[in-house]
Structure formats: C-alpha cells, structure tokens
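Chain by chain, the residues run as shown.
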Amino acid sequence: MMGAGNTDGIYFKLSGTIFSVCTLKGGVETSTTITAPTLTNLNLYEIDYNSGEIYFLINGVVVSTLTFTAPYTNTLQF
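Computed from a predicted model, the values in this text were never measured in an experiment. (Residues numbered from 1 in each chain as written. Predicted model: local features only at pLDDT ≥ 70, side-chain atom pairs only at ≥ 80, totals over all residues. Heavy atoms only, no water.)

Asks: For this particular structure, what's the right way to read the overall build of the protein?
Replies: When you go through the protein residue by residue, the secondary structure sums to zero helices and seven strands. Its helices and strands in sequence order give the protein the pattern β-β-β-β-β-β-β, from N to C terminus. The long-range fraction of contacts in the protein, counting pairs at least 24 apart against all pairs at least 6 apart in sequence, stands at 35%. (Helix = DSSP H or I, 4+ residues; strand = E, 2+ residues; numbered from the N terminus. Contact = heavy atoms within 4.5 Å.)

Below, the structure written as structure tokens:
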C-alpha cells in the first residue's frame with residue numbers, strides 16, 4: 001500500500017498481481033482495479049485530491065480519476 005491514511009485514506013494497492021487505486025472511509029475500503037503503465041526500477045506515484053476528485057498518477061501519467069458527490073473519506077487532511 002502506498003498513500004495516506006489509517007482508517008481514512010487514499011492509496012495505491014498491489015495485492016498479488018492486482019493493482020488498484022483505493023479510498024478508505026471509516027475503515028471500509030473501496031477499490032478500482034487499474035492497468036498500470038510500464039514500470040521501471042524508479043517510479044513516481046502521485047495522488048492529487050480535493051473535495052470532489054482524486055487523480056492517481058504514475059510517472060506523470062493519470063492512471064485513474066475518481067469523482068465524488070459525497071466526501072470519500074471522513075477527513076481530507078492527511
């Protein structure tokens with residue numbers, strides 16, 4: 001898991017061979033499986049978020065965008 005949070009959070013997750021982007025609200029995880037771009041030995045993972053959208057980037061490429069009408073975590077301050 002790479003990202004921010006404990007019982008609330010936003011992160012990248014690798015489970016076996018499944019790569020996903022996740023949100024965690026009150027300990028309940030919501031995940032979306034993604035296809036990662038070709039990775040190298042050195043990769044930059046970024047998460048840009050605000051109250052309505054989350055952008056997940058790998059090596060400067062947006063790999064997933066999540067849009068919300070309700071808060072996706074109990075707190076937006078990580």
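Asks: Explain the sheet that holds strand β6 (residues 53-58) here, please?
Replies: What holds strands together in a sheet is hydrogen bonding between their backbones, with the strands either parallel or antiparallel. With respect to topology, three strands assemble into an open sheet ordered β5-β6-β7, the strand pairing being antiparallel. Looking at the sheet topology across the chains shown, the edges are occupied by β5 (45-49) and β7 (61-67). Averaged over all pairs of adjacent strands, the angle between strand axes in this sheet comes to 15°, irrespective of strand direction. Relative to β7, β6 runs antiparallel, the two sharing six bridges. Its bridge partner lying in β7, Ile58 is registered against Val61. (Pairing = 2+ DSSP bridges. Axes fitted to C-alpha atoms, helices over the stretch in contact; angles between N-to-C directions.)

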